[in-house]
Amino acid sequence: MARLIALGAFGDLLPLQTGDVTCTEVMRETLFCVAPYRGQHKAVSAALKAQLGLSLPAAGRRKIAGDAICQWIGHDAWVVSAPVMLDGLAAVSDQSDGYAALDVAGAGVEAVLARLVPLDLRSTTFKVNHTARSLLGHVPISITRTGPQAFEVMVMRSMAASLVHDLQVAMSGLARRGSA
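All values reported here derive from a predicted model rather than from experimental measurement.

**Quick notes on the sheet that holds strand β6 (residues 77-80)**
Ordered in space as β4-β5-β6-β3-β7, the five strands form an open sheet in which the pairing is antiparallel. The outermost strands of the open sheet, each flanked by one partner alone, are β4 (62-65) and β7 (90-94). Here the average twist between neighbouring strands, direction ignored, is 20°.

**Focus: the pattern of salt bridges**
Tallied over the entire structure, the rule returns four salt bridges. In this structure, R28 engages E152 in a salt bridge whose closest nitrogen and oxygen atoms are separated by 2.9 Å. On the criterion of sequence distance, the pair formed by R28 in the loop between β2 (21-26) and β3 (32-36) and E152 in strand β11 (residues 150-156) is long-range, its members being 124 residues apart. The class of R28 is partly exposed, set by a relative accessible area of 25%. Given a relative accessible area of 6%, E152 falls into the buried group. Here the residues in one salt-bridge network are R28, R62 and E152, joined through shared partners.

**Regarding the pairing of strand β5 (residues 68-74)**
Summarising burial for β5: seven of the seven residues are buried, a large majority. Here β4 pairs with β5 via four bridges, running antiparallel. Within β5, the position partnered with R62 by the bridge is Q71. Taken together, β4 and the strand that follows it, β5, pair antiparallel across an intervening segment of two residues, in which G66 is found at a positive phi of about 65°. Relative to β6, β5 is paired through four bridges, and the arrangement is antiparallel. Its bridge partner lying in β6, C70 is registered against V80. If you look at the hairpin formed by β5 and β6, you'll find two residues sitting between the two strands, and D76 has a positive phi there, around 55°.

What counts, and at which threshold
- Residues numbered from 1 in each chain as written.
- Predicted model: local features only at pLDDT ≥ 70, side-chain atom pairs only at ≥ 80, totals over all residues.
- Heavy atoms only, no water.
- Pairing = 2+ DSSP bridges.
- Helix = DSSP H or I, 4+ residues; strand = E, 2+ residues; numbered from the N terminus.
- Axes fitted to C-alpha atoms, helices over the stretch in contact; angles between N-to-C directions.
- Salt bridge = Lys/Arg side-chain N within 4 Å of Asp/Glu carboxyl O.
- Buried < 20%, exposed > 50% of the residue type's maximum accessible area, 1.4 Å probe, protein only.

Printed below as a string of structure tokens:
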């Protein structure tokens, strides 16, 4: 009988380091998409507060309480990193195996991402816990600033290898430019 070994979405592509930028996989056991029914945003927010200690963040934002994360991912949709009970308030779907996330960090992270993402990600405008839907190269992403020199990039699992490839090309180009 074959022995199956669970692999992360990125397989053996990560960790990756080039120059002063590193990419590492962000592992989340659970990830649920929450889409409040019409007129139920306040009730969903209150239910999340009672269950997880955090409410729905505004569009373009993320909230954290302990190990739980609630992040806006698009029009009337959020992802929550913990199971929630929102019967009658929202459509909730388990997306645990549907998304992959990685942390991109280092002194040159903004320069690397500037080559790939058509957003102003400088810390003066895109602050910690700001999040946006965009493209990284040709890959649709959700990007969140997690620290002064760190971002979390979330993609559909099927695009994980493309994400790493695009980041690796940009990281290598920037490292070569810096060493010249």
